[in-house]
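# Report on the structure
Each chain, written out:
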Amino acid sequence: MRNTLLLLASLFFYAVGEKNYVFIMVISISINYIIGMGIGLSSSRKISRIFLLTGVVLDLGILLIFKYANFFLENVNILLTSLHFSSITYNTIHLPIGISFFTFQAMSYIIDVYRKDTECQKNPGKVALYISLFPQLIAGPIVRYSDVAYHLDHRTETLHKFSYGVRRFVIGLAKKMIIANTLAYPADLIFSLPSEELKFSISWLGVICYSLQIYFDFSGYSDMAIGLGRIFGFRFPENFNYPYISRSITEFWRRWHLSLSSWFRDYLYIPLGGNRISRGRTYFNLFTIFFLCGFWHGASWNFLVWGIFHGVLLIIERIGLKKWLDRRSPALRHGYVLFMVMIGWVFFRAENLRYAVSYLAVMFGRETASPDIRYLAHYLNSEVFLTIIIGILASSDFVKNILVKDSFGGVIDRLRRPVTFISITRVVYLSGIFFYSLVLLASGAYNPFIYFRF
C-alpha cells in the first residue's frame, strides 16, 4: 500500500506540471517493464539481446522525438533555405519535463537486468514507482534500480531518517531559494544584454553569478531529492561533492553530477573499451562520451560545444597536461579549473552559439560598449555581493570541515559544548533558513526553473 500511495502521488505530481504528457511516462514505464520481463524470463542470450536492443531503441526513440525533433527540423530548414528550397512546416513538439532523467533511469534498469546485475521486477507497480518516484523525477539524481530495489520491498521509516531527510531538504531549499535565485537575477539580466552593450567587468560578473547559480540550483534540487527520499525510507546516491574545489577537469567530473557521470561511464565508456585500449581509442571514447553528454543536456549547438569543450580538455589532460599541473601549486591548478569551467558555462548558458562567442570575446577584453552605457553597480548591489561571498564559501569544503561538520559539530565539539547546545543551534539555524526560504516563495521572488531545457 505504501508503494501504491507513492506511485499515485508521483504520477499526480508529474501530471500537475505536465497534464496530458504524463502518458509519455506511462508508455515508458510499460515498455521497460515488458522489456525487463522479456530479458529476465528469456533462456536464450540471443533473445535477451534482441529484447534489450528493442528497449534501448524505443527509449531513445521517445527521447529523440520529444527532445530533439524540433532541433533536427530547425537545422534541416536552415539547410534547405540556404539551398533555396522550401522549408518544412511543422508544429513545435512539447518537451516533457524530466524526460532525460526518467529515460536514462529506465534504460539503466533493462541494461542491468540484461547484465544480470539485478533481477527483473515482475511487479509492474514497482517498476512504475522506480521510474516515476517524485523526489528525483524532474531534476535527478539519476537513480539505478539496484539503489532502490531493496527499499521497494523492505524500507523502513524512522525518526532518525525523517530528521535527516528534513535537514537535508531544508538545506537544499535554502541553496535554491536564497543563493541560486538571488544570483540568477543578475545572471539572467546580463546574459540578456545585446553583446554590443556588454562590458568586461559585467561579463565576468555574469558568468561568476551563473557558475554559482547552476551549482546551488542543481545541488539544491539534489539535496531536496535525497532528503525527501530518506523521509520515505529510500537512500538516493549523492550527486555533488564540492566540484569547485577541483584541481583538474578530470577531478571536476568526479565531483560534478556524479549520477550522470557514472551512468555514461558504466553504460557507454566502459563498454566502448574505457581506457583499457589504445590511447587513440581512449581519446575517441572520451570525445564521444562528452559529445553525447552535451547533447543529453539539451537540443542546442551550445550544449554540444560545451560537451566537446570538456571532452577536449580531458583528452589534453590525459596527453600530459595533468602531469604538468600536478607539479604546479594548488592555487594555480584550482585557478585553471575555475577559469576553464566558467568558459564552458558561457556556452551552456548563452541562448545561441553566436552570442556565446561574442560574450567570450568581451570577457577577454574585446568590448565595444561606450563607457557610460552600463555600470557594474546596476547588477552588483550589496545583496548580490554578499550572496557571492556566501556562495564561494559554501561551494568549498571549508564550511563542511571547519564550520558545520555534522551541523555545527566541528567548531562546537572543539569547544566541548553540551549536545543540547549543538541541537538548539542546529534547530535555530535550519528554522531560520527554512522560514526565509518560505518568505521568498510566498513573496513571489525571482524563481527560475532551469531544467526545462533538459
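Quick caveat: nothing in here was measured; it's all calculated off a predicted structure.

Cut-offs applied
- Residues numbered from 1 in each chain as written.
- Predicted model: local features only at pLDDT ≥ 70, side-chain atom pairs only at ≥ 80, totals over all residues.
- Heavy atoms only, no water.
- Helix = DSSP H or I, 4+ residues; strand = E, 2+ residues; numbered from the N terminus.
- Rg over C-alpha atoms; globule rule 2.2 N^0.38 Å.
- Buried < 20%, exposed > 50% of the residue type's maximum accessible area, 1.4 Å probe, protein only.
- Contact = heavy atoms within 4.5 Å.
- Areas by Shrake-Rupley, 256 points an atom, 1.4 Å probe, with all protein chains shown as cover.
- Lys, Arg positive; Asp, Glu negative; His and termini not counted.
- Charge placed at Lys NZ, Arg CZ, Asp CG, Glu CD.
- Axes fitted to C-alpha atoms, helices over the stretch in contact; angles between N-to-C directions.
- Left-handed = near helix turned anticlockwise from the far one by under 90°.
- Nonpolar A, V, L, I, M, F, W, Y, C, P; charged D, E, K, R; others polar.
- Phe/Tyr/Trp six-rings, centres within 6.5 Å; stacked < 30°, edge-to-face > 60°.
- Lys NZ or Arg CZ within 6 Å of the ring centre and 35° of its normal.
- Salt bridge = Lys/Arg side-chain N within 4 Å of Asp/Glu carboxyl O.
- Patch = residues over 30% accessible without salt bridge, like charges linked within 9 Å, V, L, I, M, F, W, Y side chains within 5 Å.
- Polar contact = N/O pair within 3.5 Å; in protein donor to acceptor, adjacent residues only side chain to side chain.
- Core = buried A, V, L, I, M, F, W, Y, C linked by side-chain atoms within 4.5 Å.

A tally of regular secondary structure across the protein gives 18 helices and zero strands. For 454 residues, the compact-globule estimate of 2.2 N^0.38 gives 22 Å, and the C-alpha radius of gyration of the protein, at 23 Å, lies within 12% of that figure. With the C-alpha coordinates of the protein rotated into their principal frame, the extents come out at 75 × 70 × 50 Å. Within the span of the protein, comprising 454 residues, buried residues form 52% of the whole. Intrachain contacts of the protein at a sequence separation of at least 6 include 75% that bridge at least 24 residues. Counting only carbon and sulfur atoms, one obtains 66% of the accessible surface of the protein, whose full area is about 22,100 Å². Side-chain charges in the protein split into 44 positive and 26 negative, and the spacing between the mean points of these groups amounts to 8 Å.

Helices that pack against each other are described as a pair by the angle of their axes relative to one another and the distance between those axes. The N-to-C vectors of helix α4 (residues 99-115) and helix α10 (residues 258-269) enclose an angle of 35°; their axes lie 12 Å apart at closest approach. Crossing geometry of α4 relative to α10 is assigned as left-handed. On α10, the residues touching F104, M107, S108, I111, D112 and R115 of α4 are L260, W263, F264, D266 and Y267. Grouping the constituent residues of the contact of α4 with α10 by class yields seven nonpolar, one polar and three charged.

Aromatic ring pairs are defined here through the distance separating the ring centres and the angle between the ring planes. If you walk through the whole model with that rule in mind, you get 44 aromatic pairs. For the pair Y21 and F23, a centre-to-centre distance of 6.4 Å together with 25° between the ring planes defines the contact as stacked. The exposure class assigned to F23 is partly exposed, which follows from its relative accessible area of 40%. Plain terms: the ring middles of Y109 and Y130 are 6.4 Å apart, the flat faces sit at 55° to each other, and that makes the pair tilted. Within this pair, whereas Y109 is found in helix α4, its partner Y130 is found in helix α5 (residues 124-132), the two being separated by 21 residues in sequence. The same class applies to Y109 and to Y130, which are both buried. Positioned above the aromatic ring of Y114 is the side chain of R45, whose terminal nitrogen or guanidinium carbon lies 4.0 Å from the ring centre.

Quick look at the pattern of salt bridges now. Once their charged atoms are close, side chains differing in charge can pair, the charge on each being opposite to the other. On inspection of all chains with the given rule, the structure shows 14 salt bridges. K322 is the partner of D326 in a salt bridge, and the nearest nitrogen-oxygen pair spans 3.6 Å. Here D326 pairs with K322, and both are found in helix α12 (residues 301-326), just four residues apart, close to one helical turn. Exposure remark for D326: the relative accessible area of 41% places this residue in the partly exposed category.

Another point: a nonpolar patch on the surface. A cluster of nonpolar residues, F287, F291, L292, V312 and I316, forms a patch on the protein surface that exposes about 350 Å² of accessible area. Elements supplying a minimum of two residues to the nonpolar patch: α11 (279-297) and α12. Of all the elements, α11 adds the most residues to the nonpolar patch, at three residues. By the element assignment, I316 lies in helix α12.

A few words on the environment of K67. Mapped onto the secondary structure, K67 falls in helix α3 (residues 45-82). A relative accessible area of 4% places K67 in the buried class. Considered as a pair, K67 and L198 are 131 residues apart in the sequence and their alpha carbons are 32 Å apart. There is a polar contact of 2.4 Å between the side chain of K67 and the side chain of S100.

Time to look at the nonpolar core. One finds F104, I249, W253, W256 and W345 to be the most contacted residues of the largest nonpolar core, which totals 127 residues. It is helix α8 (residues 200-231) that contributes the most residues to this core, 14 residues altogether. Apart from the residues lying within four places of it in its own chain, the contact partners of W256 are I214, Y215, F218, N239, F240, P243, Y244, S261 and W345.

What follows covers the environment of R349. Looking at where R349 falls in the secondary structure, it is placed in helix α13 (residues 330-349). For R349, a relative accessible area of 13% gives the class buried. Residues R349 and I214, spaced 135 residues apart in sequence, show a C-alpha to C-alpha distance of 9.5 Å.

It is worth spelling out unusual backbone geometry at this point. For residues that are not glycine, phi is negative in most cases, and the peptide bond is trans in most cases. Positive phi outside glycine occurs at H84, with the angle close to 65°. Residue position: H84 is located in the loop between α3 and α4. Given the relative accessible area of 74%, H84 is considered exposed. Its identity is not glycine, yet K116 carries a phi of approximately 65°, on the positive side. On the secondary structure map, K116 appears in the loop between α4 and α5. K116 sits in the exposed class, given a relative accessible area of 67%.

In this structure, Y375 sits in the loop between α14 (353-363) and α15 (382-394). Y375 gets classed as partly exposed once you look at its relative accessible area, which sits at 44%. Taking the C-alpha atoms as reference points, Y375 and R349, separated by 26 residues in sequence, lie 22 Å from one another.

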